[in-house]
2 protein chains.
Amino acid sequence: MSDTACVLCMDMGGTNLRFGLVDHSGELKWSLRTTTEAGLPREEIFKKMLEGLQQGIDVARSRDCAIEGIGAGVPGCVDFERGFVYTLTNVPGWDNTPLARMIEEKFGLAVFIDNDVNAMALGEHRFGSAQDANNVICVTLGTGVGGALILEGRLYRGSSFTAGEIGHVVIRDDGPPCNCGNRGCLERYIGNRYLVERAALLYRRHAGMHIPEDLTPETLAEAARHGDDIAGAVWKEAAGRLGLVLAGLVTVINPDRVIVGGGIANAGILLFEPLEKVVVERSMKIPGRHVKIVPAKLGEDAGLIGAAALAMENLL
Amino acid sequence: MSDTACVLCMDMGGTNLRFGLVDHSGELKWSLRTTTEAGLPREEIFKKMLEGLQQGIDVARSRDCAIEGIGAGVPGCVDFERGFVYTLTNVPGWDNTPLARMIEEKFGLAVFIDNDVNAMALGEHRFGSAQDANNVICVTLGTGVGGALILEGRLYRGSSFTAGEIGHVVIRDDGPPCNCGNRGCLERYIGNRYLVERAALLYRRHAGMHIPEDLTPETLAEAARHGDDIAGAVWKEAAGRLGLVLAGLVTVINPDRVIVGGGIANAGILLFEPLEKVVVERSMKIPGRHVKIVPAKLGEDAGLIGAAALAMENLL
C-alpha cells in the first residue's frame, strides 16, 4: 500500500450509516454519517450505502488516494467468507442478503463484510488497545452486549460465524426472557435499557430518593460519581454480573487482554474498578493474574476503523 | 513414519503411571501400568517413569519397531513449549520440573509433554470422536472436571497454557469453597465426590429411602437406571449444571462438537439426554443447532493415545 493508498469503509448501525476513508496507519482521513429511519426498506438503505460509498470514492479521487478495497461492519450474523448477511439484529428485511457481491458489482472493488463487533475487535487489534496481544476477548456494552474473540492473533469466528456472543451467555437459569428467545442472558441484565430499568426499580423502592431526570446509563454514571448510592449500586451490580461471565471466559480462554468498549464502558472507573476485581478474584489464579482488562481505544470511530482493518487484513 | 514405526507414550495420573506404544493408526500395541503410592517423592516417581519407558523401548526393539518420539500427559499445568511442569494438581513436589529435558537426557528421543486433558483432546481429534471437527470443546468428568479446546483444527492452549479449565468456571457467586481457592466452581458441584455428597444429603433428607451401599457415581447411575428418584434427580441436576456452563461456552465459542469423557460420562443416557437438552435450549439458536454433543471414544486408553497424538502432531 503506497502512502496515498487507503481503504473505504462502512459502519452500519440500527438507524445510521457511517462511511470513511482510512489509511494504513489507522487514521480516519474522511468520514460521513447518514441516517436510515427505522423501517426503511432494504433497497432504500442499500441505495444510501451506494451513495455514501460513491462519495468516499469521489473524495479519494480528489485527493489522489487509491482505494484498495472496501470493508464493512454490519450489526448481525454474517458469513464472512461469502460476504453474505444471514440476518441483522434490529434491521428487518436483510435476511439472506449477498451484500459483498452487491457492492462489488457496483464498484469493482474487493468487498469484505463482517459482524460489527468482529470488525471492531480487528480494529482494536491492529490500531487500538489490543495491538500487542495474542489472545483477546472483546466486549461492547450498549443497547446490546456484543463480543468477539481474537485467538492466536487472528479473529476467531467459530463454526457458523457466531463466536463471541457474550451477551447471550445465560447467567440465570430462571431469568427473565431475552429478545433472542432465551431467558436470563447477560444482556438482559446489563444492556442499556435493563440497567436503566433496574435503577428505576430501586429508586421506586426507596421512596424519597432523588431520581435523576432522563435516566440513562450516562446520567446514572453521573449520579454515581456524585455519591448517589442507588446509582452506585446499579453499576456495581452490573460490573459484578459482567465480571462473573468474563471470569469464566478468562478461566476457559486464558487471554492476554479483555477489551471493553461501547457506550456503557464510558462509565470508566465506576465500571472498570469493580469489574477488574471480580474478574481477577473469580477466575483461576494463573489466567486471572495474567489477563489485563482495558477500555477500547478507538471510541466512536471503532466501527469504521474496524471495518477498514477487516479489509486490510484480507487484502494482504 | 514407516509401518513399523511407533510412538512411546506415558499417561501420568494421581496414583498411577501408564506406558504404551501406539502406531500411526492410533492402535495401542503394548501397554503397562504401575502404581505410585500417594506421597512418593518426585525422584522415586521419576525412576518409575524411566523404568516404564525403558520397558517400552525394549518391547519396541524386540518387535523391530522404531520409536520416533515420546509423548506424555500429566495432570497439571505445563508449559508445553518448554516441556516444563509448573505444578501438578494432586501430586506434590513437582513444581517447576523440566520434565521433557530430564527424559530426553536419558533416552535421546524427542519428548513432548502437555496437560493430560489437552493430550486427550488431541487423541480424540486425531483418532476418536472429534476426527472431522474443526472446533471442539472437550470435557472430562471424574474426581476433577477438566477441559480442553481444539480451535481451527489445533489445540488451543491460551496465553499461559491454562486454557480449557471448564471445571473452574464459577457457577455460583456465593457457592462453596473449591480446592482451587475459588468458590462455587462447576467442579465443586459435579466432581465425583460432590455428586456423591449431594446424593447422600438427599437420601438423608428423605428418611426411609433405600440408600445404595458404597455410593459412587457408578452405583448412583445404576440406581437411577432402576428408577431410584433421588439418584435420577442428582444426575439430572448435575447435567443441568454442566449443561448451562457448556451452553454459555457454545454461545461464545460456536464449536462443531462437545466431547464428554471421563468416568462420570459412563452414566450414558442419564447424563447425555438432559445435557443435550440444556445445551441446545440455553445456547444461542445458531450455535446451539450446529453443535453435536458426543461421548469420548477412546475410553480408558484416551490418556495414552492422546499422549501419542501429542507426539505425532509435533514430530511432523
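Residues numbered from 1 in each chain as written. Chains lettered and ligands numbered in written order. Predicted model: local features only at pLDDT ≥ 70, side-chain atom pairs only at ≥ 80, totals over all residues. Heavy atoms only, no water.

Considerations on the pattern of salt bridges
Residue and element names in this part refer to chain A. If you walk through the whole model with that rule in mind, you get 31 salt bridges over all chains. With a closest N to O distance of 3.2 Å, Arg18 and Asp301 form a salt bridge. Within this pair, whereas Arg18 is found in strand β2 (residues 16-23), its partner Asp301 is found in the loop between β12 (292-295) and α10 (302-315), the two being separated by 283 residues in sequence. Residue Asp301 is classed as partly exposed on the basis of its relative accessible area of 23%. In this structure, Lys277 and Glu281 form a salt bridge, with 3.0 Å as the shortest nitrogen-oxygen distance. You can see Lys277 and its partner Glu281 sitting in helix α8 (residues 269-282), 4 residues apart, about one turn around the helix. A relative accessible area of 51% means that Lys277 is categorised as exposed. (Salt bridge = Lys/Arg side-chain N within 4 Å of Asp/Glu carboxyl O. Helix = DSSP H or I, 4+ residues; strand = E, 2+ residues; numbered from the N terminus. Buried < 20%, exposed > 50% of the residue type's maximum accessible area, 1.4 Å probe, protein only.)

What about the sheet that holds β2 of chain A?
All names here are of chain A. A sheet is described by the order of its strands in space; here 5 strands give the open sequence β3-β2-β1-β4-β7, paired in mixed fashion. Each end of this open sheet is capped by a strand with a single partner; those strands are β3 (28-35) and β7 (111-115). Taking the axes of each pair of neighbouring strands and ignoring which way they run, one obtains an average angle of 15° across the sheet. Strand direction decides the pairing type here: strand β1 (residues 5-12) and strand β4 (residues 66-74), joined by 6 bridges, are parallel. Bridge pairing in β4 links Met10 to Ala72. On the sheet, helix α3 (residues 116-127) packs against β1, β4 and β7 and is oriented at approximately 105° with respect to β7. α10 contacts β1, β2, β3, β4 and β7 of the sheet and is inclined by roughly 130° relative to β1. (Pairing = 2+ DSSP bridges. Axes fitted to C-alpha atoms, helices over the stretch in contact; angles between N-to-C directions. Contact = heavy atoms within 4.5 Å.)

Looking at the packing of helix α1 (residues 42-62) of chain A against helix α2 (residues 99-107) of chain A
All names here are of chain A. Relative to each other, α1 and α2 sit at 45°, their axes nearing to 11 Å. Relative to α2, the element α1 lies oblique. Our pair here, α1 against α2, has a crossing hand that is right-handed. Taking contact as the criterion, the partners of Phe46, Met49, Leu50, Leu53, Gln54 and Ile57 in α1 are, on α2, Leu99, Met102, Ile103, Lys106 and Phe107. Among the residues making up the contact of α1 with α2, the classes are represented as 9 nonpolar, 1 polar and 1 charged. (Parallel < 35°, antiparallel > 145°, perpendicular 65-115°, else oblique. Left-handed = near helix turned anticlockwise from the far one by under 90°. Nonpolar A, V, L, I, M, F, W, Y, C, P; charged D, E, K, R; others polar.)

As for the relation of the copies chain B and chain A
For the pair chain B and chain A, the superposition axis carries a translation of 0.0 Å, the fit reaches an RMSD of 0.0 Å, and the rotation angle comes to 180°. In short, the pair behaves as if placed about a two-fold rotation axis. Comparing contact sets, 100% of the residues at the interface of chain B also lie at the interface in chain A, consistent with an isologous, same-surface contact. (Least-squares fit on C-alpha atoms with pLDDT ≥ 70 in both.)

Observations regarding the interface of chain B and chain A
Taken together, the contacts link 42 residues of chain B with 42 residues of chain A. For the chain B face of the interface with chain A, the top three residues by lost area are Tyr156, Val252 and Arg282 of chain B, together amounting to 22%. Applying the counting criterion to the chain B and chain A interface returns 2 salt bridges. With a shortest N-O distance of 2.9 Å, Arg282 of chain A and Asp173 of chain B are connected by a salt bridge. Where chain B meets chain A, there are 26 residue pairs in polar contact (both at pLDDT 80 or more). Elements with a minimum of two residues in the side of chain B that touches chain A: β9 (145-151), α7 (229-253), α8 (269-282) and α9 (285-290) of chain B. Here the side of chain B that touches chain A gets 6 residues from one element, more than from any other, and that element is α7 of chain B. Residues that form the side of chain B that touches chain A fall into these classes: 18 nonpolar, 14 polar and 10 charged. (Buried area = accessible area lost by both parts, 1.4 Å probe. Polar contact = N/O pair within 3.5 Å; in protein donor to acceptor, adjacent residues only side chain to side chain.)

A look at the sheet that holds β12 of chain A
All names here are of chain A. Taken in spatial order, the 5 strands of this open sheet run β10-β9-β8-β11-β12, and their pairing is mixed. Of all strands in the sheet, those with a lone pairing partner are β10 (154-156) and β12, marking the two edges. Across the sheet, the mean angle separating the axes of adjacent strands is 25° when strand polarity is ignored. Contacts from helix α7 (residues 229-253) reach β8 (136-141), β9 (145-151) and β11 (257-261), with the element oriented near 160° to β8. Most of the contacts of α8 go to β12, to which it runs at about 160°, and overall it touches β8, β11 and β12.

A short note on unusual backbone geometry
Residues and elements named next belong to chain B. In this structure, Glu152 is a non-glycine residue whose phi angle is positive, near 55°. As for its position among the elements, Glu152 is in the loop between β9 and β10 (154-156). Residue Asn254 is not a glycine yet carries a positive backbone phi of 50°. Within the secondary structure, Asn254 is located in the loop between α7 and β11 (257-261).

Some remarks on the environment of Ala267 of chain A
Residue and element names in this part refer to chain A. The residue Ala267 is located in the loop between β11 and α8 in this model. A relative accessible area of 4% means that Ala267 is categorised as buried. When the C-alpha positions of Ala267 and Ala224 are compared, they lie 9.5 Å apart, and in sequence the two are 43 residues distant. If we skip the residues at most four places from it in the chain, Ala267 touches Ala221, Arg225 and Trp235.

Let's talk about the side chain of Asn182 of chain B
Among the secondary structure elements, Asn182 of chain B is positioned in the loop between β10 and α4 (187-190). There is a polar contact of 2.8 Å between the side chain of Asn182 of chain B and the side chain of Arg282 of chain A. Every residue in contact with Asn182 of chain B, bar those within four places of it in the chain, is listed here: Glu281, Arg282 and Ser283 of chain A together with Val170, Pro176 and Pro177 of chain B.

Quick look at helix α6 (residues 217-225) of chain B
All names here are of chain B. Among the residues of α6, those classed as buried are Pro217, Leu220, Ala221, Ala223 and Ala224. The buried residues of α6 occupy an angular sector of 160° when the element is viewed end-on, so they sit on one face. Directly beyond the C-terminal end of α6, a positive phi value near 90° is found at Gly227. (Arc of directions from axis to C-beta.)

Some thoughts on the nonpolar core
Counting residues in hydrophobic clusters, the biggest one holds 96 residues, and the most contacted among them are Trp235 of chain A together with Trp235 of chain B. Beyond its immediate stretch of four places on either side in the chain, Trp235 of chain A contacts Leu195, Pro217, Leu220, Ala221, Ala224, Ile264, Ala267, Leu270 and Leu271 of chain A. (Core = buried A, V, L, I, M, F, W, Y, C linked by side-chain atoms within 4.5 Å.)

Focus on the pairing of strand β5 (residues 76-79) of chain B
Examined bridge by bridge, β5 of chain B and strand β6 (residues 84-88) of chain B share 4 bridges and lie antiparallel to one another. Note that in β6 of chain B the partner of Val78 of chain B across the bridge is Val85 of chain B.

Shape is all these values report; function is a separate question.
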